[in-house]
Amino acid sequence: MARRKKQTKNMSKMRQLIAKLSPKSTVAEQYRTVRTNLQFAAVDETLQAVLVTSASPEEGKSMTAANLAIVYAQQGKKVLLVDADMRKPTMHYTFQLENLQGLSNVLVGDTMVAQAIQASGEENLDVITCGPVPPNPSELLASKRMQELMNDLRQSYDVIIVDSPPVLAVTDAQILSNVCDGTVLVVRSKQTEIEAGQKAIEALRSVNARVLGTILNGRDKKDKNYYYYYYHK
Ligand SMILES: Nc1ncnc2c1ncn2[C@@H]1O[C@H](COP(=O)(O)OP(=O)(O)OP(=O)(O)O)[C@@H](O)[C@H]1O
Ligand SMILES: [Mg+2]
């Protein structure tokens, strides 16, 4: 029962993209601040592919990834959002797209990349949805084909935002961090335990991920800024 409720929520209008619907809102402004800070964090280095993850479930990874992709696209960058959360994919709901052909199909060699890329409805923003959920996500994400795919996509897009499962649950995010240039960790206000956040950062660093910083999601409304960005040096 609870599970069904949650699923409906994921599929419903609750998955609103604030950066799209209210570009002038404070929250959209905070996403733009995150975008700017990422650009500063990557001065002198390439930051084309950005992995968005968090320590645990439901901390706002997917919403952050989608909104970040939108504010990059609004800046005129050619952006691709990749749903690499093959455990709980959501981007097809968020952007109301088909999910018949997506990342999983490309990785098993069923589908050409071009067929898996869909227009999001937002100018400059394309999406690769997850595709059918495979039994072996980690294996697929660690494959040579995934590396080749990312290299191909880098030729066509200015920015690639990759959504992923939680770091402490499965190895997927660690694997994905190695095909991305940097990783941001979403931390949910009053939800993420400090210890879990630290463990997630350690887990990412143990595989040489470049952890760019954390995004604090869901800070109380009465505070002016919902979304903060911190550096980890
Ligand atoms: N700041 C926020 N305020 C209110 N609701 C939020 C906020 N951030 C996320 N949510 C809601 O919380 C739920 C989880 O968000 P989201 O799907 O982005 O998290 P996730 O980390 O990707 O979860 P999962 O681990 O299941 O992939 C969604 O229903 C989303 O609309
Ligand atoms: Mg998610």
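Above this text sits the structure in question.
Is there a simple way to think about the overall build of the protein chain in this case?
Of regular secondary structure, the protein chain possesses 11 helices and eight strands. Relative to its full complement of 233 residues, the protein chain shows a buried share of 54%. Taking all contacts inside the protein chain whose residues are at least 6 apart in sequence as the whole, residues at least 24 apart take part in 76%. Accessible area for the protein chain stands at about 11,600 Å²; split by element, carbon and sulfur atoms hold 49% of it.

What should I look at first to understand the pattern of salt bridges in this one?
One pass over the structure, following the stated rule, counts six salt bridges. Across the pair Arg-32 and Glu-29 runs a salt bridge, and its minimum N-O distance is 2.8 Å. With a gap of three residues between them, Arg-32 and Glu-29 both fall in helix H3 (residues 26-41), about one helical turn apart. For Arg-32, a relative accessible area of 19% puts it in the buried group. Judged by relative accessible area, which is 39%, Glu-29 ranks as partly exposed. Here Lys-144 and Glu-148 are joined by a salt bridge, their closest N and O atoms 3.6 Å apart.

Sorry if this is basic, but what is going on with the site of ligand 1 here?
Lining the immediate environment of ligand 1, one finds 16 residues, of which Lys-61, Ser-62, Met-63, Lys-88 and Asn-217 sit closest. Within the backbone of Glu-59, a nitrogen or oxygen atom sits 3.0 Å from an oxygen atom of ligand 1. At a separation of 2.9 Å, an oxygen atom of ligand 1 approaches a polar backbone atom of Met-63. Expressed as a share of its isolated accessible area of 630 Å², the protein-covered part of ligand 1 is 82%. Tallied by class, residues from the shell around ligand 1 come to four nonpolar, four polar and eight charged.

Please explain the environment of Gly-182 as it appears in this structure.
Structurally, the position occupied by Gly-182 is in strand S6 (residues 182-188). Gly-182 sits in the buried class, given a relative accessible area of 1%. For the pair formed by Gly-182 and Leu-212, sequence separation is 30 residues and the distance between their alpha carbons is 6.0 Å. Residues contacting Gly-182, with those up to four places away along its chain left out, are Leu-47, Ala-49, Val-50, Leu-51, Arg-210 and Leu-212.

I keep staring at the environment of Asp-152 and nothing clicks. Help me out?
Considering the arrangement of structural elements, one finds Asp-152 in helix H9 (residues 144-156). Among the residues examined, Asp-152 registers a relative accessible area of 46% and is labelled partly exposed. Along the chain, Asp-152 and Val-113 lie 39 residues apart, while their C-alpha atoms are 8.9 Å from each other.

About the thresholds
Residues numbered from 1 in each chain as written. Chains lettered and ligands numbered in written order. Predicted model: local features only at pLDDT ≥ 70, side-chain atom pairs only at ≥ 80, totals over all residues. Heavy atoms only, no water. Helix = DSSP H or I, 4+ residues; strand = E, 2+ residues; numbered from the N terminus. Buried < 20%, exposed > 50% of the residue type's maximum accessible area, 1.4 Å probe, protein only. Contact = heavy atoms within 4.5 Å. Areas by Shrake-Rupley, 256 points an atom, 1.4 Å probe, with all protein chains shown as cover. Salt bridge = Lys/Arg side-chain N within 4 Å of Asp/Glu carboxyl O. Near = heavy atom within 4 Å. Polar contact = N/O pair within 3.5 Å; in protein donor to acceptor, adjacent residues only side chain to side chain. Nonpolar A, V, L, I, M, F, W, Y, C, P; charged D, E, K, R; others polar.

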